[in-house]
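So you can see what is in the structure, the chains are spelled out below.
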Amino acid sequence: MTTTEPVSPSALGSGTAATDKFKGARATADTSPERLAAIARDALTALHQVIRDHGVTYPEYRVFKQWLIDVGEGGEWPLFLDVFIEHSVEEVLARSRRGTKGSIEGPYYVPDAPELPAECELPMRAEDRAQTPLIFAGQVTDLDGNGLGDAKVELWHADADGYYSQFAPHLPEWNLRGTIVTDAEGHYSIRTIQPAPYQIPTDGPTGTFIEAQNGHPWRPAHLHLIVSAPGRESVTTQLYFRGGEWIDSDVASATKPELILDPVTGDDGVNRVTYNFALDPA
Ligand code: MBD
Ligand code: FE
């Protein structure tokens, strides 16, 4: 007789996968040495001031050091940074944008998902098919509302259990992920399922941090998107669902009022919603 292991992904499992993928891409930036020095100095100064203000003790300092080591060894830096820091970087980017609002990318984007036609269904399993269907349609345009040809909509989201393919071992490689190639006027109509709220793993150091703040580990149900077209700035964003749990208290501080969908349920039980993307010039 064999026993079945529970498939629930651990903090270590999803964190390690996210860390390995990020390392594989090798980040770079064209920051000048002067600018880097100024940012590094100010970051340290801010931390020194917190230590003085709170009268941080040696035992507390050592616990902090241990926690930092644990975050790294648990592979949780992508998770921790994207949940607690990325929203402020996105805020800076948004200063120079006029088109559709952006939001954070988060730790679970995978580039080069298989291409799908403008009218399509995301890859899904039989058990995904049992969830409420969602048809997400719209158009990619410039800032004046002109349709953009050769536009792409990269879409990825969690399943009904809150798991992302490639970060949970039990899911097919491209489950609920796709690169949708729009028609010549930027239109798309994508069939998928309603995602579920996402719970940050509570069994790792990020979970410990959230608990220490008396916070909750939830993100509202969301779709992740990167929308692009030739000659335009691409936008990385997320879409949420009106009335959804945690919309007003997202642990990752990544919701915006302009990014909330209001799907209509048809007599056929299918949720339908339209959302258009306006892209800034490159
Ligand atoms: C997610 O699904 C997510 O979008 C972010 C930002 C962090 C953790 C899980
Ligand atoms: Fe997400």
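Residues numbered from 1 in each chain as written. Chains lettered and ligands numbered in written order. Predicted model: local features only at pLDDT ≥ 70, side-chain atom pairs only at ≥ 80, totals over all residues. Heavy atoms only, no water.

Chemist: So what exactly am I meant to see when it comes to the overall build of the chain here?
Modeler: The helix and strand inventory of the chain stands at 7 helices and 14 strands. In summary, the chain has a C-alpha radius of gyration of 20 Å against a globular reference of 19 Å for 282 residues, a match within 12%. C-alpha atoms of the chain, sized along the principal axes, occupy 60 × 60 × 35 Å. When the 282 residues of the chain are sorted by exposure, 43% land in the buried category. Split by element, the accessible area of the chain, about 15600 Å² in all, is 54% carbon and sulfur. Computed over 22 positive and 41 negative side-chain charges, the inter-centroid distance for the chain is 5 Å. (Helix = DSSP H or I, 4+ residues; strand = E, 2+ residues; numbered from the N terminus. Rg over C-alpha atoms; globule rule 2.2 N^0.38 Å. Buried < 20%, exposed > 50% of the residue type's maximum accessible area, 1.4 Å probe, protein only. Areas by Shrake-Rupley, 256 points an atom, 1.4 Å probe, with all protein chains shown as cover. Lys, Arg positive; Asp, Glu negative; His and termini not counted. Charge placed at Lys NZ, Arg CZ, Asp CG, Glu CD.)

Chemist: Help me understand the site of ligand 1 in this model?
Modeler: Every residue near ligand 1 is listed here: Leu79, Val83, Ile104, Gly106, Pro107, Tyr108, Tyr164, Tyr198, Ile200, Arg219, His222 and His224. Between an oxygen atom of ligand 1 and a side-chain N or O atom of His222, the distance comes to 3.2 Å. In the environment of ligand 1, an oxygen atom lies 3.0 Å from a nitrogen or oxygen atom belonging to the side chain of His224. Burial of ligand 1 by the protein chains amounts to 100% of its free accessible area of 270 Å². The residue inventory of the shell around ligand 1, partitioned by class, reads 8 nonpolar, 3 polar and 1 charged. (Near = heavy atom within 4 Å. Polar contact = N/O pair within 3.5 Å; in protein donor to acceptor, adjacent residues only side chain to side chain. Nonpolar A, V, L, I, M, F, W, Y, C, P; charged D, E, K, R; others polar.)

Chemist: Quick question: what am I supposed to make of the pattern of salt bridges here?
Modeler: Side-chain pairing between opposite charges can occur once the charged atoms of the two side chains come close. Scanning all chains against the criterion turns up 11 salt bridges. Note that Glu90 and Lys256 form a salt bridge whose closest N and O atoms lie 2.9 Å from each other. Within this pair, whereas Glu90 is found in helix 5 (residues 86-94), its partner Lys256 is found in the loop between strand 10 (235-241) and strand 11 (260-261), the two being separated by 166 residues in sequence. Given a relative accessible area of 11%, Glu90 falls into the buried group. Residues Glu127 and Arg125 are paired through a salt bridge, measuring 3.4 Å at the closest nitrogen-oxygen approach. Classification of Glu127 by relative accessible area gives partly exposed; the value is 47%. Beyond isolated ion pairs, a larger network of salt bridges with shared partners links Arg125, Glu127, Asp128 and Asp159. (Salt bridge = Lys/Arg side-chain N within 4 Å of Asp/Glu carboxyl O.)

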